[in-house]
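These are the residues of each chain, in order.
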Amino acid sequence: MASTIREHFEVTGKMKTWSYGLMAIGLLAFIIGLVTKGMSHDPHEQGIFWGTLLYNSVFFLLITNASMFFICVTTLAHGGWQVAFRRVPEAISAIVPIFGLITFLILMFILFGLGHGDHHPIYHWLHPEGDEILMGKSGFLNVTFFVIWSFLSIAGWSFLGYRMRKLSYDTDNAPLNLEQGKKWVWNNTVRGSMFLVWFGLTVGSTTPWLWLMSIDAHWYSTMYSWYTFASSFVAGMSLIALWVIFMKNRGYLEYTTNEHLHDIGKFMFAFSIFWTYLWFSQYMLIWYSNMPEETLYFKHRVQGPWKGIFFLNLIINFIAPLLILMKRSAKRNYTLVTFMAVLIIFGHWIDFNQMVMASVSQDHVTLGWLDFGILALFAGMIIFFVGRALTKAPVVAKNHPFLKESIIHHT
């Protein structure tokens, strides 16, 4: 049976064509946007261009980083069911250093390259003079801390994720005996714990405050980071689902069955509900208190020009998963899971769009060719870099101590 297993992934010509084509479209949109908006003397147009780059880069960085979170959280749970397709989230997480560098460069240019006089088109807290609220937050919202914490966040995700992947790839060299297996499981658990602690200190708390919530520096929500995490994690699980189904259709991942796809679908369904719980809790508490300093975030989103995008976001990310993924059979259907994975990723991309752009441009919706062009750029890079990462190691972690548990997994 082992001789029939396709261990090594090969990038097809069609994959290359799609990745190159999408990246070409994205680069063209970037260049046109840079010339027409990014280099404009109008701060509003600059804000639209760099805001579009900001939410796209942060969104795709967080959903690819969610793959390593998935690996680490199942590792600490001593779960073996995911081992049959573990190399897929490992390959996705390998993009984190690349997307992290892109995000960091965009953030640095926004900090140091934008703004005229005392006005900044995105981060108003850069000029807090005379504003008591912003000056009161300057101990946290300041350039020095922003730069250092952004660098440490991305570097930590990249390094700790690399160590997890390296330990996994080390098992490909030879089977592990009992003592080696115990030591490997211990090391894997320790490294997974380190990643999760750093993930909690960054994605689970401070980093979304700095990168996203500080765009509305007069407003804050204690649920914001959890909301951002839920959005990026459910989109990250959807991305894993797309790659698993793609590879199954290409004849890979023979040990991955409908049982595994069913469990991935459970994550997609469950965290869509969790995201909605946070969406409702954040909105309901602010609506109920009706305090001007809190409702300013929602006013133009619920009653202004962003109303359509705001509630479309709820329909795509809650109503659709609730109605379609609730049934057991739906989570085992390749076509339905593929459709829902694409829809969920798109829905949470829309969510990140309104989180950033509704604050950058409160008077009108900016969703257009530039947004979809940059989306194409990142989609092309995901196809290219994940495909390349999958070629660097066997697609099945054949010597993983929990592989047998994954093969006989039944849900």
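The structure under discussion appears in the preceding block.
The shown structure was predicted, so the numbers you read here are calculated from the model rather than taken from an experiment.

Basis of the calculations
Residues numbered from 1 in each chain as written. Predicted model: local features only at pLDDT ≥ 70, side-chain atom pairs only at ≥ 80, totals over all residues. Heavy atoms only, no water. Helix = DSSP H or I, 4+ residues; strand = E, 2+ residues; numbered from the N terminus. Rg over C-alpha atoms; globule rule 2.2 N^0.38 Å. Buried < 20%, exposed > 50% of the residue type's maximum accessible area, 1.4 Å probe, protein only. Contact = heavy atoms within 4.5 Å. Areas by Shrake-Rupley, 256 points an atom, 1.4 Å probe, with all protein chains shown as cover. Salt bridge = Lys/Arg side-chain N within 4 Å of Asp/Glu carboxyl O. 1 Å grid on protein atoms, 1.4 Å probe; cavity = no way out; pocket = protein on both sides within 12 Å on 5 of 7 lines; lining within 4 Å. Points joined across faces, edges and corners; volume = space filled by probe spheres on them. Nonpolar A, V, L, I, M, F, W, Y, C, P; charged D, E, K, R; others polar.

**Student:** Explain the overall build of the protein to me, please; I cannot follow it from the model alone.
**Tutor:** What the protein contains, in helices and strands, is 14 helices and zero strands. Counting helices and strands in the order they occur from the N terminus, the protein gives α-α-α-α-α-α-α-α-α-α-α-α-α-α. A compact globule built from 411 residues would reach a C-alpha radius of gyration of about 22 Å, and the protein, at 22 Å, matches this within 12%. Principal-axis analysis of the C-alpha atoms gives the protein an extent of 70 × 45 × 40 Å. For the protein, with 411 residues in total, the buried portion stands at 56%. Within the protein, residue pairs in contact and separated by at least 24 positions form 82% of the contacts whose partners lie at least 6 positions apart. In the form shown here, the protein has an accessible surface area of approximately 17,400 Å², with 68% of it arising from carbon and sulfur atoms.

**Student:** Help me understand the pattern of salt bridges, please; the structure alone is not making it clear to me.
**Tutor:** Opposite charge on two side chains lets them pair, provided their charged atoms get close. Under the defined criterion, the tally for this structure stands at eight salt bridges. A salt bridge links R87 to E90; the nearest nitrogen and oxygen atoms lie 2.9 Å apart. On the criterion of helical spacing, the pair formed by R87 and E90 is a turn pair, its members being three residues apart in helix 3 (residues 87-93). Accessibility expressed as a relative area gives 1% for E90, which makes it buried. One network of salt bridges, in which partners are shared, links R86, R87, E90 and D172.

**Student:** In this structure, what is going on with the environment of T257? I would like to understand it.
**Tutor:** Here T257 lies in the loop between helix 8 (224-249) and helix 9 (258-289). On the basis of relative accessible area, T257 is assigned to the partly exposed category, the value being 29%. Each C-alpha atom of the pair T257 and I408 lies 9.7 Å from the other, and the pair is 151 residues apart in sequence.

**Student:** Just checking my understanding: could you explain empty space enclosed by the protein for this structure?
**Tutor:** Empty space among the atoms becomes apparent when a probe as large as a water molecule is rolled across them. This structure, assessed with the given rule, holds four cavities of 30 Å³ or more. By volume, the largest cavity amounts to about 70 Å³. Taken together, T74, T75, H78, G79, Q82, R86, W184, V185, N188, T189, H400 and F402 make up the full set of residues lining the largest cavity. Those elements giving two or more residues to the lining of the largest cavity turn out to be helix 2 (43-76) and helix 7 (178-211). The element that contributes the greatest number of residues to the lining of the largest cavity is helix 7, accounting for four residues. When its residues are assigned to classes, the lining of the largest cavity shows three nonpolar, eight polar and one charged. Put simply, the second largest cavity is a space of about 50 Å³. Considering the residues around the second largest cavity, the lining is formed by Y227, W279, Q282, Y297, F298, R301, F310 and Q354. Mapped onto the lining of the second largest cavity, the elements with two or more residues apiece are helix 9 and helix 10 (292-302). Top contributing element to the lining of the second largest cavity by residue count: helix 10, with three residues. The residue makeup of the lining of the second largest cavity, split by class, is five nonpolar, two polar and one charged.

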